[in-house]
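Fold and geometry: a report
Below are the chains, spelled out letter by letter.
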Amino acid sequence: MVIKIKGEFYLNRAEAVSYILQGYHAKWCFARWSRDEIAFSFESKDGVRDRMLLPAYKSKNSKTVRIRKFEIDEYFKMK
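Reading guide: rules and limits
- Residues numbered from 1 in each chain as written.
- Predicted model: local features only at pLDDT ≥ 70, side-chain atom pairs only at ≥ 80, totals over all residues.
- Heavy atoms only, no water.
- Helix = DSSP H or I, 4+ residues; strand = E, 2+ residues; numbered from the N terminus.
- Buried < 20%, exposed > 50% of the residue type's maximum accessible area, 1.4 Å probe, protein only.
- Polar contact = N/O pair within 3.5 Å; in protein donor to acceptor, adjacent residues only side chain to side chain.
- Contact = heavy atoms within 4.5 Å.
- Pairing = 2+ DSSP bridges.

Note that aspartate 73 resides in helix 2 (residues 69–78). Classification of aspartate 73 as buried rests on a relative accessible area of 12%. Looking at aspartate 73, its side chain comes within polar contact range of the side chain of tyrosine 24, at 2.7 Å. Here the side chain of aspartate 73 touches lysine 69 through a polar contact of 3.0 Å, side chain to side chain. Each residue touching aspartate 73, except ones within four places of it in the same chain, is listed here: Tyr19 and Tyr24.

Judged by which residues are buried, strand 7 (residues 65–68) turns out to be covered on both faces: Val65 and Ile67 on one side and Arg66 and Arg68 on the other are all buried. Judged from the three bridges that link them, strand 2 (residues 8–12) and strand 7 form a sheet pairing that is antiparallel. Residue pairing in the sheet places tyrosine 10 in a bridge with arginine 68 of strand 7. Here strand 6 (residues 57–58) runs beside strand 7; their pairing, made up of two bridges, is antiparallel. Paired with tyrosine 57 across the two strands is arginine 66, which belongs to strand 7. In sequence, strand 6 turns back onto strand 7 through a hairpin of six residues.

Rendered as structure tokens:
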């Protein structure tokens, strides 16, 4: 479930993968742990494979690790 904290949206790993697939039309995408970050590997609709590392966040009241939607969007804006 997407949550909003202080005006920002946070996605869990499955939601982030779905967001990349649907929002940025990736052919495939998967996520895995890489220390304190989550590594997303994906292939664009143009056939270009890429990888991005984003920091993982965890709120006090939850065990679920989340990613800021803003950071995903910023990564793709730079491309």
